[in-house]
Amino acid sequence: MFEIEQKYAHADFAQLERRLTEWGAAFGEAHEEADHYFNAPDRDFARTDEAFRLRRVGSENFLTYKGPKQKADVKVRIELEIEIQPGDAAAADMMRLLTHLGYRFVAVVKKRRRTAALQRDGFAFTLCLDDVE
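All of the points below concern the structure found in this document. From a predicted model like this one, the values you see are computed outputs, not experimental measurements. (Residues numbered from 1 in each chain as written. Predicted model: local features only at pLDDT ≥ 70, side-chain atom pairs only at ≥ 80, totals over all residues. Heavy atoms only, no water.)

**Some details on the overall build of the protein**
Piece 1. Counting its regular elements, the protein contains 3 helices and 8 strands.
Piece 2. Secondary structure of the protein in N-to-C order comes out as β-α-β-β-α-β-β-β-α-β-β.
Piece 3. The principal-axis extent of the C-alpha atoms belonging to the protein is close to 50 × 35 × 30 Å.
Piece 4. Looking at the 133 residues of the protein, the share that counts as buried comes to 32%.
Piece 5. Here the analysis covers contacts within the protein between residues at least 6 apart in sequence; of these, 54% occur between residues at least 24 apart.
Piece 6. A total of about 9100 Å² of accessible surface is found on the protein, and carbon and sulfur atoms cover 54% of it. (Helix = DSSP H or I, 4+ residues; strand = E, 2+ residues; numbered from the N terminus. Buried < 20%, exposed > 50% of the residue type's maximum accessible area, 1.4 Å probe, protein only. Contact = heavy atoms within 4.5 Å. Areas by Shrake-Rupley, 256 points an atom, 1.4 Å probe, with all protein chains shown as cover.)

**Digging into the environment of R18**
Piece 1. By the secondary structure assignment, R18 is in helix α1 (residues 13-22).
Piece 2. Measuring from C-alpha to C-alpha, the distance between R18 and A46 comes to 36 Å, with 28 residues separating the pair along the chain.

**Structural notes on the pairing of strand β7 (residues 104-120)**
Piece 1. With 2 bridges connecting them, strand β2 (residues 26-27) and β7 associate as antiparallel partners. Its bridge partner lying in β7, A26 is registered against A117.
Piece 2. Of the strand pairs in this sheet, strand β3 (residues 31-39) and β7 are connected by 9 bridges, and their pairing is antiparallel. Counterpart to E32 in the pairing with β7 is R112.
Piece 3. Taking the residues between adjacent antiparallel strands as the criterion, β7 and strand β8 (residues 123-132) are bridged by 2 residues, where D121 takes a positive phi near 50°. (Pairing = 2+ DSSP bridges.)

**Here's the deal with the pairing of strand β4 (residues 51-57)**
Piece 1. Counting buried residues along β4, 7 of its 7 residues qualify, which places the element largely inside the surrounding structure.
Piece 2. Residues A51, R53, R55 and V57 line one face of β4 and the alternating positions F52, L54 and R56 line the opposite face, and both faces are buried.
Piece 3. In this sheet, β4 lies alongside β3 in antiparallel orientation, the contact comprising 6 bridges. Looking at β4, one finds that A34 is bridged to R56.
Piece 4. Bridge count for β4 against strand β5 (residues 60-66) is 7 bridges, and the pairing is antiparallel. Residue V57 lies in a different strand from β5, and its bridge partner there is E60.

**Concerning the packing of aromatic side chains**
Piece 1. On inspection of all chains with the given rule, the structure shows 3 aromatic pairs.
Piece 2. When the centroid spacing of 5.9 Å and the interplanar angle of 75° are considered together, the rings of F38 and F105 count as edge-to-face. Placement of F38 in strand β3 and of F105 in strand β7 is noted, with a sequence separation of 67 residues between them.
Piece 3. By relative accessible area, F38 is classed as buried at 4%.
Piece 4. A residue is classified by how much of its surface remains accessible, and F105, at 47% relative accessible area, is partly exposed.
Piece 5. Here the aromatic rings of F52 and Y103 are separated by 5.3 Å at their centres, their planes lie at 45°, and the arrangement is tilted. Linking F52 in strand β4 with Y103 in the loop between α3 (88-100) and β7, this pair joins segments that are 51 residues apart in sequence.
Piece 6. The class for F52 is buried, based on a relative accessible area of 13%.
Piece 7. With relative accessibility at 24%, the residue Y103 sits in the partly exposed group. (Phe/Tyr/Trp six-rings, centres within 6.5 Å; stacked < 30°, edge-to-face > 60°.)

Structure below.
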């Protein structure tokens, strides 16, 4: 799957939500996410423009790899996401496994996310309004 995104700092979420709802977007409930980023033992993801993380959404856990950004007006990159066992113990085990394989913990990014589904002009979009710590 390709991730195509455009990020905006300091957006007016209330105004965005009103406009997107007018266009037919269906918003879900807000939820908390924590992204635990790792760097590879054989290359620096900051230099190769890649990302590798363990995402925690409630008790759910996902491993995500994001490839280098492609040249475009917006951010476009390959994204592979794999769901793994749920729960704190599974997340801790995965982080220990990654560490044993030589991956280095870099940072955790926490956010409160509200998503919406939108069909427009023949395309299906997932829209995210994030409040990042």
